[in-house]
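Descriptive analysis of the structure
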Amino acid sequence: MAIDYPGLTAKYFEVWNSKDLGELRKLFAEGATLRDWDVEKSGAEEVVKANGGIFEAVPTISIEVLKVHVSESTLSSIAEILVVLPDDKLKVTDVITFDDAGLIVSVRAYKG
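The sections below set out a description of the structure shown in this document.

How each quantity is defined
Residue positions are given per chain, counted from 1 along the sequence in the order it is written. Side-chain atom pairs in this predicted model are given and counted only at pLDDT of 80 or more, local residue features only at pLDDT of at least 70, and totals for whole chains, interfaces and linings cover all residues. For the side-chain quantities, the full set of heavy atoms in the structure was used; hydrogens and water were omitted. Side-chain rings of Phe, Tyr and Trp, where Trp is taken by its six-membered ring, are said to pair if the distance between their centres is within 6.5 Å; with planes under 30 degrees apart they count as stacked, over 60 as edge-to-face, and otherwise as tilted. Numbering of helices and strands starts at the N terminus; helices are DSSP runs of H or I of at least 4 residues and strands are runs of E of at least 2. Should the NZ of a Lys or the CZ of an Arg lie within 6 Å of a ring centre and within 35 degrees of the ring normal, that charge is described as sitting over the ring. Two strands are said to pair when DSSP picks up at least two bridges between them. Only the contacting stretch of a helix is used when fitting its axis, a line to C-alpha atoms as for every element, and angles between N-to-C directions run 0 to 180 degrees. Contact criterion: two residues are considered in contact whenever any of their non-hydrogen atoms come within 4.5 Å of each other. Buried, partly exposed and exposed residues are distinguished by accessible area as a fraction of the type maximum, computed with a 1.4 Å probe on protein chains only: under 20%, between the cut-offs, and over 50%, respectively.

**Concerning the packing of aromatic side chains**
Counted under the stated rule, the structure contains four aromatic pairs. When the ring of tryptophan 16 is compared with that of phenylalanine 55, the centres are 4.8 Å apart and the planes differ by 75 degrees; the resulting orientation is edge-to-face. Taken together, the positions of tryptophan 16 in helix α1 (residues 5–18) and phenylalanine 55 in helix α3 (residues 44–57) put the pair 39 residues apart, joining distant regions of the chain. Positioned above the aromatic ring of phenylalanine 55, the side-chain terminus of lysine 19 is 5.9 Å from the ring centre.

Written out as structure tokens, the structure is:
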């Protein structure tokens, strides 16, 4: 059965925007990693905790997905997004890698 990378990517951002840490945790593999320009975390619990810190610091933060590019050969998607902040919008590219079960194993975020 083929994995629906665009659907999984859309689900990730839907759950992220809901700020539901319990549901967010369900999307990550145990050894998941997160890396952006401010933080690097390993392990699903630490990744979710880092996201929780973002939600606490900026309660109104949200993400608008502009475009998703999929690479089935690398089990990944690249999402061009806007991170909507109270007084700004940041253009960011997320590289999201999945495992064979469709769980997220890494999220790498790049500004620009």
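There is more to say, and it comes next.
**Quick notes on the sheet that holds strand β6 (residues 104–111)**
As summarised here, the arrangement of the six strands in space is β2-β1-β6-β5-β4-β3, forming an open sheet in which the pairing is mixed. Only two strands of the sheet have a single partner each, and these edge strands are β2 (40–42) and β3 (62–71). Put simply, the sheet's adjacent strands are angled 20 degrees from each other on average, direction ignored. One ladder, built from three bridges, connects strand β1 (residues 28–35) with β2; its direction is antiparallel. From the neighbouring strand, threonine 33 faces β2, where its bridge partner is serine 42. Each of β1, β3, β4 (76–85), β5 (88–98) and β6 touches α1; the most contacted strand, β3, lies at about 165 degrees to it.

**Quick word on unusual backbone geometry**
Of note, the phi angle at lysine 19 is positive, near 60 degrees, even though the residue is not glycine. For lysine 19, a relative accessible area of 26% gives the class partly exposed. Look at leucine 75: it is not a glycine, yet its phi comes out positive at around 55 degrees. Position of leucine 75 relative to the elements: it lies in the loop between β3 and β4. Taking the relative accessible area as the measure of exposure, leucine 75 reaches 25% and is therefore partly exposed.

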